[in-house]
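Here are the chains, one letter per residue:
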Amino acid sequence: AQSVAQPEDQVNVAEGNPLTVKCTYSVSGNPYLFWYVQYPNRGLQFLLKYITGDNLVKGSYGFEAEFNKSQTSFHLKKPSALVSDSALYFCAVRGGLEGYQKVTFGTGTKLQVIP
Amino acid sequence: AAGVIQSPRHLIKEKRETATLKCYPIPRHDTVYWYQQGPGQDPQFLISFYEKMQSDKGSIPDRFSAQQFSDYHSELNMSSLELGDSALYFCASRQRGGMNTEAFFGQGTRLTVV
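Read on for a plain summary of the structure.

Quick notes on the rules
- Residues numbered from 1 in each chain as written.
- Chains lettered and ligands numbered in written order.
- Predicted model: local features only at pLDDT ≥ 70, side-chain atom pairs only at ≥ 80, totals over all residues.
- Heavy atoms only, no water.
- Core = buried A, V, L, I, M, F, W, Y, C linked by side-chain atoms within 4.5 Å.
- Buried < 20%, exposed > 50% of the residue type's maximum accessible area, 1.4 Å probe, protein only.
- Helix = DSSP H or I, 4+ residues; strand = E, 2+ residues; numbered from the N terminus.
- Contact = heavy atoms within 4.5 Å.
- Buried area = accessible area lost by both parts, 1.4 Å probe.
- Salt bridge = Lys/Arg side-chain N within 4 Å of Asp/Glu carboxyl O.
- Polar contact = N/O pair within 3.5 Å; in protein donor to acceptor, adjacent residues only side chain to side chain.
- Phe/Tyr/Trp six-rings, centres within 6.5 Å; stacked < 30°, edge-to-face > 60°.
- Lys NZ or Arg CZ within 6 Å of the ring centre and 35° of its normal.
- Pairing = 2+ DSSP bridges.

1. Here we look at the nonpolar core
Side chains of nonpolar character tend, in soluble globular proteins, to be buried together. A:Trp35, A:Leu47, A:Leu48, A:Phe74, A:Leu76 and A:Tyr89 are the most contacted members of the largest nonpolar core, which has 27 residues in total. Contributions of two or more residues to this core are made by strand S2 (10-14), strand S3 (19-21), strand S5 (31-38), strand S6 (44-50), strand S8 (64-68), strand S9 (73-78), strand S10 (87-95) and strand S12 (109-114) of chain A. Of all the elements, S10(A) adds the most residues to this core, at 4 residues. Setting aside residues no more than four positions away along its own chain, A:Leu47 makes contact with A:Trp35, A:Tyr36, A:Val37, A:Gly59, A:Ser60, A:Tyr61, A:Phe63, A:Leu76 and A:Tyr89. Membership of the second largest hydrophobic core comes to 22 residues, among which are B:Ile26, B:Ile60, B:Ala87 and B:Tyr89.

2. Considering the interface of chain B and chain A
Listed per partner, the contact involves 25 residues of chain B and 21 residues of chain A. Surface buried jointly by chain B and chain A totals about 2000 Å² across both partners, of which 51% is contributed by carbon and sulfur atoms. For A:Lys49, the salt bridge goes to B:Glu102, with nearest N and O atoms at 2.7 Å. In this structure, the connection of chain B to chain A is made through 4 residue pairs in polar contact (both at pLDDT 80 or more). Looking at the side of chain B that touches chain A, the elements that each hand over two or more residues are strand S4 (31-37), strand S5 (44-50), strand S6 (53-57) and strand S9 (87-94) of chain B.

3. With respect to the packing of aromatic side chains
The final tally for this structure, using the stated rule, is 15 aromatic pairs over all chains. Between A:Phe105 and B:Tyr35 the ring centres are 5.3 Å apart and the planes differ by 85°, which places this aromatic pair in the edge-to-face class. Of this pair, A:Phe105 sits in strand S11 (residues 104-105) while B:Tyr35 is found in strand S4, placing the two residues in two different chains. Residue placement shows A:Arg94 over the ring face of A:Tyr32; its charged tip is 5.6 Å from the ring centre.

4. Some points on the pairing of strand S3 (residues 19-24) of chain B
All names here are of chain B. The alternating pattern of S3 places Ala19, Leu21 and Cys23 on a buried face, while none of Thr20, Lys22 and Tyr24, on the opposite face, is buried. Two elements, strand S1 (residues 5-7) and S3, share 3 bridges in a ladder whose sense is antiparallel. Bridge pairing in S3 places Ile5 opposite Tyr24.

5. A look at the side chain of B:Glu75
Residue and element names in this part refer to chain B. Structurally, the position occupied by Glu75 is in strand S8 (residues 74-78). Classification of Glu75 by relative accessible area gives buried; the value is 14%. For Glu75, the residues in contact, after removing those within four places along its chain, are Thr20, Leu21, Lys22, Trp34, Ser65, Ala66, Gln67 and Phe69.

Laid out in structure tokens, this is it:
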């Protein structure tokens, strides 16, 4: 079964500092990895994805993520955090040998950017 | 650009009542997913459809059923509602044709069971 782990319930970072939100995954076969962001009382918004190719993926709002196959990780990063980045971030995986259509989400990490 | 439309946005029902949630996917998207997100929880996969056929099944209770219609919209039917069914229900759509396509989510239907 495929799974995603986000080890941090919350990440606090000062505005202007770099941020990292961690994600590790487990899946049979090639993973398709995604990051979504959820603002309060809103739906999930797609940020970026890794399918194949370059391990560093760039997405919306200045976010990027690095795929590391040996560490089965897909950490979300941003060089300089904004207060408006404060939200709930979900890592997700789709792929593998079973149920390749289903997207499995991590438990989410609340990002708090402090002014 | 058109997005995934869910209706209603909010729904309040009493215990043991029934509810129907609707999802209209992005045009030309042939795959629909339903997720349930409880308070402070991550979205849990319920069920998915491709070309009007169920394609995958997750933690959907037997009291719930769903279907995808010829125009690709989908409905989630929930019967004998329980307090624990109170949650945000998301629908997502995707064009299955490519493995590298992402799912797009609707705004969700917030169901409150009282």
